[in-house]
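Here are the chains, one letter per residue:
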Amino acid sequence: MAGILFIISAPSGSGKSTLVSQLRTLVEGLDFSISYTTRAPRGSEEDGREYHFTTRAEFERMIAAGDFLEWAKVFGKDYYGTAVSALDHAKKADKDLLLDIDVQGAKQVMKKLPEAVSIFIMPPSPEILEMRLRHRTVAEEVASKAAVPEEVIQQRLAEARRELKQMKDYKYALVNDVLEQAVTELRAIVLCERGVRNGVQAIASSCRTDAASLKLKAAMNTFER
Ligand code: ADP
Ligand code: 5GP
């Protein structure tokens, strides 16, 4: 693809959705890949907005047809996958693409597209992660009018500890402690990678006074004659 592929992963409840939605209001030219999933919509989620909600049979048909760049069974239960067409769409629109995917999916994309930029979002501590998970769960329960079982929270916390072990495979990692700071860091990573790709960083470095270029030295010399 012409643009940059950004992979963002984080344990559930770390604040990834919050960060990504703020990032998208601050940075232009970022397409967000809408994944396919077999899980049921939660709360106010709409088909085609947060996810393409689909059946297990349809998802398995898409796997067999090679429609996915990556896919995984998340929490050992539901399927989630990124359609190859999301890349084509971003490429045609000349945009960078953001994938919000779990560590299993990220591993597949890193292997297929090593030039992808991977970012891991860390919760500040297990206690804060649990607090955020419980806080979000209350919101989910209000929206869906059903209690989220305690075992689901415990499963998400246990999964978080497993996912954290994969952080070293990512190019970047940031701690989502103070939201504004984490958003600033995420934005900086995107802008910096854009700068590297289009050569802006290299060009700026070549103009630094502490690494004076031959051209600069030659120009200085002409004034010392
Ligand atoms: P994820 O998408 O990673 O599962 P969410 O974005 O849904 O997580 O965030 C989980 C909860 O934590 C939400 O209630 C959100 O408002 C809250 N949250 C996210 N980031 C922060 C932060 N930096 N400080 C405090 N609360 C946060
Ligand atoms: P949720 O059900 O809370 O929206 O998402 C659960 C997990 O699935 C999150 O870690 C999220 O990043 C991951 N996920 C969402 N879409 C995809 C996808 O297309 N592929 C993979 N591998 N994981 C995904």
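The coordinates are above.
For clarity, every value in this text was computed on a predicted model and none was experimentally measured.

## Digging into the layout of surface pockets
Inference 1: Roughly 160 Å³ of internal volume is contained in the second largest pocket.
Inference 2: Lining the second largest pocket, in full, are Met122, Pro123, Pro124, Ser125, Pro126, Leu129, Glu130, Leu157, Ala158, Ala160, Arg161 and Leu164.
Inference 3: Among the secondary structure elements, those contributing two or more residues to the lining of the second largest pocket are helix H5 (126–144) and helix H6 (150–164).
Inference 4: Considering each element in turn, the lining of the second largest pocket owes the most residues, five residues, to H6.
Inference 5: A breakdown of the residues in the lining of the second largest pocket according to their chemical character gives nine nonpolar, one polar and two charged.

## Digging into the site of ligand 2
Inference 1: Lining the immediate environment of ligand 2, one finds 15 residues, of which Lys16, Ser35, Arg39, Tyr51 and Tyr80 sit closest.
Inference 2: Between ligand 2 and Asp102 there is a distance of 2.7 Å, counted from a nitrogen atom to a side-chain nitrogen or oxygen.
Inference 3: Coverage of ligand 2 by the protein chains reaches 93% of its 510 Å² of free accessible surface.
Inference 4: Counting residues per element, the ones that place at least two in the shell around ligand 2 are strand S5 (68–74) and strand S6 (78–83).

## Focus: helix H7 (residues 179–197)
Inference 1: The end-to-end C-alpha distance of H7 is 27 Å, a good match for the 27 Å that 19 residues give at a rise of 1.5 Å each.
Inference 2: When H7 is considered as a whole, its buried residues turn out to be Ala182, Val183, Leu186, Ile189, Val190, Glu193, Arg194 and Gly195.
Inference 3: Where H7 ends, the next residue or the one after it, Gly199, has phi of about 80 degrees, a positive value.

## Considering the nonpolar core
Inference 1: The biggest cluster of nonpolar side chains holds 19 residues, and the ones touching the most others in it are Phe6, Ile119 and Leu174.
Inference 2: Looking at this core, the elements that each hand over two or more residues are strand S1 (5–9), helix H1 (16–26), strand S8 (117–122) and H7.
Inference 3: It is H7 that provides the largest number of residues to this core, a total of five residues.
Inference 4: Look past the residues within four positions of Leu174 in its chain and what remains in contact with it is Leu19, Ile119, Phe120, Ile121, Met122, Ala182, Glu185, Leu186 and Ile189.
Inference 5: Among the nonpolar cores identified, the runner-up in size contains 15 residues, and Ile7, Leu87, Phe120 and Tyr170 belong to it.

## Things to note about the packing of aromatic side chains
Inference 1: In the structure shown here, the tally under the stated rule is seven aromatic pairs.
Inference 2: Measuring from centroid to centroid gives 5.8 Å for Tyr51 and Tyr80, while their planes differ by 65 degrees, and the two rings are edge-to-face. Remark: Tyr80 occurs in strand S6 and Tyr51 occurs in the loop between strand S3 (36–37) and strand S4 (52–53); sequence separation between them is 29 residues.
Inference 3: The class of Tyr51 is buried, set by a relative accessible area of 19%.
Inference 4: Through successive ring pairs, a cluster of aromatic residues spans Tyr36, Phe59, Phe68, Trp71 and Tyr79.

Scoring rules and cut-offs
- Residues numbered from 1 in each chain as written.
- Chains lettered and ligands numbered in written order.
- Predicted model: local features only at pLDDT ≥ 70, side-chain atom pairs only at ≥ 80, totals over all residues.
- Heavy atoms only, no water.
- 1 Å grid on protein atoms, 1.4 Å probe; cavity = no way out; pocket = protein on both sides within 12 Å on 5 of 7 lines; lining within 4 Å.
- Points joined across faces, edges and corners; volume = space filled by probe spheres on them.
- Helix = DSSP H or I, 4+ residues; strand = E, 2+ residues; numbered from the N terminus.
- Nonpolar A, V, L, I, M, F, W, Y, C, P; charged D, E, K, R; others polar.
- Near = heavy atom within 4 Å.
- Polar contact = N/O pair within 3.5 Å; in protein donor to acceptor, adjacent residues only side chain to side chain.
- Areas by Shrake-Rupley, 256 points an atom, 1.4 Å probe, with all protein chains shown as cover.
- Expected span 1.5 Å × (residues − 1).
- Buried < 20%, exposed > 50% of the residue type's maximum accessible area, 1.4 Å probe, protein only.
- Core = buried A, V, L, I, M, F, W, Y, C linked by side-chain atoms within 4.5 Å.
- Contact = heavy atoms within 4.5 Å.
- Phe/Tyr/Trp six-rings, centres within 6.5 Å; stacked < 30°, edge-to-face > 60°.

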